[in-house]
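Structure at a glance
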Amino acid sequence: MLPLPDYEHFQYHFSPPQLPDELAAWAKLRECERRFATYTWAESNNDISNPQYRVLLNDALSGFLMTIEAVFQFLKYDSFSKTKDMEKWLAEQPEYDVLLRGLRTLRHFEAHVESKSAAGHITVVMGGPTIRRWSLQALDPKDLKRLRYTPLTVDLLPEWNHLVGQQRNVVLFKQALEKLEVLLNRAKDLKRDPGLGTPA
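Quick look at the structure, then. (Residues numbered from 1 in each chain as written. Predicted model: local features only at pLDDT ≥ 70, side-chain atom pairs only at ≥ 80, totals over all residues. Heavy atoms only, no water.)

**Quick look at the overall build of the protein**
Within the protein, the regular secondary structure consists of seven helices and two strands. If you list the helices and strands of the protein from N to C, you get α-α-α-α-β-β-α-α-α. Here the protein holds 200 residues, and 44% of them are scored as buried. Considering only residue pairs separated by 6 or more positions, the protein has 70% of its internal contacts joining residues 24 or more positions apart. Looking at the protein as shown, the accessible area adds up to about 10,600 Å², and 52% of this sits on carbon and sulfur atoms. (Helix = DSSP H or I, 4+ residues; strand = E, 2+ residues; numbered from the N terminus. Buried < 20%, exposed > 50% of the residue type's maximum accessible area, 1.4 Å probe, protein only. Contact = heavy atoms within 4.5 Å. Areas by Shrake-Rupley, 256 points an atom, 1.4 Å probe, with all protein chains shown as cover.)

Written out as structure tokens, the structure reads:
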């Protein structure tokens, strides 16, 4: 089994060297990055053809999803007076796309309905390499109806299902962290210029 990441001397890539006092969500983003490292570690220790630590993998996935949502909740507390104000602001941001909406939706399943565990796929390409990857769950309209609130809308389901059907989890999670970094940097300016949003 590969060793755990060195959390005590962790190298962060998606947050400033010194966390700003005015936006507590940065600390949650750092936690999210550690969760990403934990998930990557768990995935690397699970052979898709014979996963020996499947519970560990799914727990790491659940932890990452929960912390993604925590970043948004801290952002709301930092910069907005109401949830609807944050959601309106997010809807105007290009980074708040099908990926972040889908991850938040999976988190709502994890918290309120059922677990959406990682799915293993092995693809044999004629004359090429065998592709092994862990992916997120595809969703359909019936799934969304089971939730009281879903950031992912029915019209976005084809794009979501194509995305998770093509990309490895670790690639998507890294992209999500990059998008969250951009959103937090932009939200930082809400405190300086109230005209950019609805400050707390």
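**What about the pattern of salt bridges?**
Under the criterion given, the structure shown has eight salt bridges. A salt bridge links R104 to E69, with the shortest nitrogen-to-oxygen separation between them at 2.8 Å. Highlighted residues: R104 in helix α4 (residues 98-112) and E69 in helix α2 (residues 54-79), separated in sequence by 35 residues. The two residues R104 and E69 agree in class, both being buried. For K174, the salt bridge goes to E178, with nearest N and O atoms at 2.8 Å. Here K174 pairs with E178, and both are found in helix α7 (residues 169-188), just four residues apart, close to one helical turn. For K174, a relative accessible area of 40% corresponds to the partly exposed category. According to the relative accessible area criterion, E178 is partly exposed, its value standing at 33%. Put simply, K28, E31 and R35 are held in one network by salt bridges that share partners. (Salt bridge = Lys/Arg side-chain N within 4 Å of Asp/Glu carboxyl O.)

**Structural notes on the packing of aromatic side chains**
Under the defined criterion, the tally for this structure stands at seven aromatic pairs. Ring geometry for Y39 and F173: centres 5.2 Å apart, planes at 70°, overall edge-to-face. In this pair, Y39 is assigned in helix α1 (residues 25-44) and F173 in helix α7, connecting sequence segments 134 residues apart. As far as the burial class goes, Y39 and F173 line up, both buried. (Phe/Tyr/Trp six-rings, centres within 6.5 Å; stacked < 30°, edge-to-face > 60°.)

**Looking at the side chain of R30**
Relative to the assigned elements, R30 resides in helix α1. The side chain of R30 sits in the buried core without any salt bridge; E33 is the nearest counter-charge, 6.5 Å away. With residues near it in sequence (within four places) discarded, R30 still touches Y12, S15, P16, P17 and L19. (Lys, Arg positive; Asp, Glu negative; His and termini not counted.)

**Quick word on the packing of α2 against helix α3 (residues 83-91)**
Running from N to C, α2 and α3 cross one another at 110°; their axes reach a closest spacing of 9 Å. Classed by the angle they form, the pair α2 and α3 counts as roughly perpendicular. α3 is crossed by α2, and the crossing has right-handed handedness. Seen from α2, the contacting residues are F72, L75 and K76; seen from α3, they are T83, M86, W89 and L90. The residue makeup of the contact of α2 with α3, split by class, is five nonpolar, one polar and one charged. (Axes fitted to C-alpha atoms, helices over the stretch in contact; angles between N-to-C directions. Parallel < 35°, antiparallel > 145°, perpendicular 65-115°, else oblique. Left-handed = near helix turned anticlockwise from the far one by under 90°. Nonpolar A, V, L, I, M, F, W, Y, C, P; charged D, E, K, R; others polar.)

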